[in-house]
Amino acid sequence: MTMDVDANEHQTLELDVLNVTNESRQTYGLRHQDYERYRQYCSQHLRRLRKSLGQAHSSANKPYQKKELPEEITDSRYLHLLLFQSERAWAYAMELKTESSTESRRHFHIVNRLRRAAQNASQLSKVAEQHSAQKRTQLDVKAYAALMHGYLKFEEQKWQEALDHYAAARTIYETLAKASNAHQETLCHSTIDEIDPSMRYCAHMLRNSGGSSQQDIDDIVSGMRNKTSAPGMDLLEAQLAEVAAQSRQKRAQEMTSISWRHKIVELRNENLAVSILKAQETGQDDSAQDVDRFDEVLAVWAEAEKAAKKAIKDDEEATAKAKSSKSAETTENLRFCYTYAAYNLYARSIQRNLLLAKGIETQNGRPQDIVKLYDDILKNVASINELPTIQNDHIFQQEVEIQSYYYKAWRCIYVADAYSSLARYAEALGLCDLAFNYISQARASLQQINPQNDDGLIVIDEKELQTADQTIRGRKCKSHAAWYMEQGEKTDDMQNKMDEMSLDEIDEVALIKRLDTYPSSMTAKRVPHLIDFPPQFEAIPMKPMLFDLALNHVEYPSSLSARAGKDQAAGGWFGGWFGRK
């Protein structure tokens, strides 16, 4: 379709670069990283644009003549023409980059294509500025030109220039994101996510080259997030992963020992050292405390635990064949490393479950779901208690015992909440008492030791116990109050019945005095008269008769009468029978 340029002389130049490039890339190949298909689409689209603008090239039989842009541009399609020329050159560079080849000329062709893309982007920015395009369009094409120049300088390994261009593009996109609709804001943030890894890589290379950047390779790795599938990101991520792996390998060679719980052991297994370093680097970023982050950390610590278990197995096989004077020490060191990796795995799993439990409680979720999480926590605590080197560490065992008491108490608290939600307040009160006993046992154990948990993963101190104690008291008071509120009507009925009872108006004989008489009716509404209360007085003897029956069976010693100065036979036979001598 042909359109006269003069018909649009009153139109303002406008171009939404991010929207046009994003739709074209995602529709024509780059959703699957097919750069060749996208380059072919750019060529076809350029042919249609040139034909509609009267900028078509001569036939194949005539020499090539470049068509210059008119002095006055009022049609936005000229901006599209320059944009897709840059996109085609960039797509060709990415296509060459993805092809696996060791040709020395390939890098030269990649740089030439990126230089052509940067030139076309600069011309686009210049045209938009000279012909009074919209302000947003001018900012948009400036950011695009800076991004293309950043790609060029990145490939030429001019890290400072690349970092400057990336910073300029990022600043513009941050500004555009604040003054855009939801769709444009999403596109701006997506492009920022694409730029950030390149900036971190440039900062890393500047540091290795003696530059002024202070950003460490650990920050580069921890800052990498797979938030976008923008074209070229896969290649950059591969480069970053390669750099991180090389740095980790170098540090693993220098790593000769592990320090944990005030103990230092030698580490000579290189594969195990690499796995532990990777896990340590992944777990250093505490800024993003979310479940996805914990899943990533758990995955790398699981790899470290697996590597330690394999090292122990290999050592056992080697020891079975031949033993040396240091074999026992090496085996003990490997077991210590396994305990270190496994403990971090279980401890971070506990942290993850605690985070999930806190989220459920914040959202007023079911206590039953929190109880399931605490069941998993107690399983992890039991697994920690079964680790090899813990059996020989009394303080460590005491710490694990405190953790067990502490988490059992919290489990009882949430089980009590579940019973309270079912209006079973007696069971809830019993569980609160049980939780209080657990806290008391944990406090008693804590006073006997000096904790050596220097990693800060699971910290249970007097402050934590005091918080749990206050929570238990609050839950107990709440259950008491709920029980009294529910039993209010029953208490009133009982009080009325007590008021109806009287001790003065008793006409019938007490039941205890007429047990042999069967009552004539069982439908009486009165309370039955069981006993006389207070009981009636009965007469009893004032001085009861006492008979000395035991005197006749008492045998006195024969010398007693002689010492008393009496004759033993003076009383006669009857005196001895009827009375005392």
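Refer to the structure presented above.
Cut-off values and rules
- Residues numbered from 1 in each chain as written.
- Predicted model: local features only at pLDDT ≥ 70, side-chain atom pairs only at ≥ 80, totals over all residues.
- Heavy atoms only, no water.
- Phe/Tyr/Trp six-rings, centres within 6.5 Å; stacked < 30°, edge-to-face > 60°.
- Helix = DSSP H or I, 4+ residues; strand = E, 2+ residues; numbered from the N terminus.
- Buried < 20%, exposed > 50% of the residue type's maximum accessible area, 1.4 Å probe, protein only.
- Lys NZ or Arg CZ within 6 Å of the ring centre and 35° of its normal.
- Expected span 1.5 Å × (residues − 1).
- Salt bridge = Lys/Arg side-chain N within 4 Å of Asp/Glu carboxyl O.
- Core = buried A, V, L, I, M, F, W, Y, C linked by side-chain atoms within 4.5 Å.
- Axes fitted to C-alpha atoms, helices over the stretch in contact; angles between N-to-C directions.
- Parallel < 35°, antiparallel > 145°, perpendicular 65-115°, else oblique.
- Left-handed = near helix turned anticlockwise from the far one by under 90°.
- Contact = heavy atoms within 4.5 Å.
- Nonpolar A, V, L, I, M, F, W, Y, C, P; charged D, E, K, R; others polar.

**Notes on the packing of aromatic side chains**
By convention here, two paired aromatic rings are described through the distance between centres and the angle between planes. Here the structure, examined in full by the defined rule, presents 21 aromatic pairs. With a centroid separation of 5.5 Å and 70° between ring planes, the pair formed by Trp 260 and Tyr 340 is classed as edge-to-face. In this pair, Trp 260 is assigned in strand 1 (residues 257-260) and Tyr 340 in helix 12 (residues 327-362), connecting sequence segments 80 residues apart. Of the two residues examined, Trp 260 and Tyr 340, each falls in the buried class. Members of the aromatic cluster, each reached through a chain of ring pairs, are Trp 260, Trp 301, Phe 336, Tyr 340, Tyr 343 and Phe 396. It is Arg 25 that lies over the ring of Trp 90; its NZ or CZ is 4.3 Å from the centre. Across from the ring centre of Tyr 92, 4.8 Å away, lies the NZ or CZ of Arg 39, which sits over that ring.

**Things to note about helix 2 (residues 35-53)**
In this model, helix 2 (19 residues) spans 27 Å end to end at C-alpha, consistent with the 27 Å of a helix rising 1.5 Å per residue. For helix 2, the full list of buried residues reads Tyr 35, Tyr 38, Tyr 41, Cys 42, His 45, Leu 46, Leu 49, Arg 50, Ser 52 and Leu 53. In the stretch just after helix 2, Gly 54 is the one whose phi turns positive, near 75°.

**Remarks on the pattern of salt bridges**
For the coordinates displayed, the defined rule picks out 23 salt bridges. A salt bridge links Glu 95 to Arg 39; its shortest N-O distance comes to 2.8 Å. Separated by 56 residues along the polypeptide, Glu 95 in helix 3 (residues 77-98) and Arg 39 in helix 2 bring together distant segments of the chain. Several salt bridges share partner residues, and in doing so they unite Arg 115, Lys 153, Glu 156, Lys 158 and Glu 161 into one network.

**Quick notes on the nonpolar core**
Of all hydrophobic cores here, the largest spans 68 residues; its most connected members are Trp 301, Tyr 343 and Tyr 407. Of all the secondary-structure elements, those providing two or more residues to this core are strand 1, helix 10 (270-283), helix 11 (291-321), helix 12, helix 13 (367-385), helix 14 (394-421), helix 15 (425-446) and helix 16 (462-486). Judged by nonpolar contacts, the second largest core, of 64 residues, contains Leu 15, Ala 118, Leu 124 and Ala 143.

**Digging into unusual backbone geometry**
Omega for the peptide link from Phe 533 to Pro 534 comes to 0°, which places this bond in the cis form. Considering the arrangement of structural elements, one finds Pro 534 in the loop between helix 17 (488-500) and helix 18 (559-564). Backbone geometry at Asn 364 places phi at a positive 55°, although glycine is not the residue there. You can see Asn 364 is positioned in the loop between helix 12 and helix 13. Although it is not a glycine, Ala 423 adopts a positive phi angle of roughly 65°. In this structure, Ala 423 sits in the loop between helix 14 and helix 15. Judged by its relative accessible area of 34%, Ala 423 is partly exposed.

**Focus: the packing of helix 12 against helix 13**
Between helix 12 and helix 13, the least distance of the axes is 9 Å, while the angle of their chain directions is 165°. Relative to helix 13, the element helix 12 is oriented roughly antiparallel. As for the relative orientation of helix 12 and helix 13, their crossing is left-handed in sense. Touching Tyr 343, Tyr 346, Ala 347, Ser 349, Ile 350, Asn 353, Leu 354, Leu 356, Ala 357, Ile 360 and Glu 361 of helix 12 are Asp 369, Ile 370, Leu 373, Tyr 374, Asp 376, Ile 377, Asn 380, Val 381, Ser 383 and Ile 384, all from helix 13.

**Here's the deal with the packing of helix 14 against helix 16**
Interaxial distance between helix 14 and helix 16 falls to 11 Å at its minimum, and their mutual angle equals 20°. Taken as axis vectors, helix 14 and helix 16 run roughly parallel relative to one another. Along this stretch, helix 14 crosses helix 16, giving a crossing that reads as left-handed. For the pair formed by helix 14 and helix 16, the contact residues are Tyr 406, Trp 410, Ile 413, Tyr 414, Asp 417 and Ser 420 on the first element and Glu 464, Leu 465, Ala 468, Thr 471, Ile 472, Arg 475 and Ser 479 on the second. The residue makeup of the contact of helix 14 with helix 16, split by class, is 7 nonpolar, 3 polar and 3 charged.

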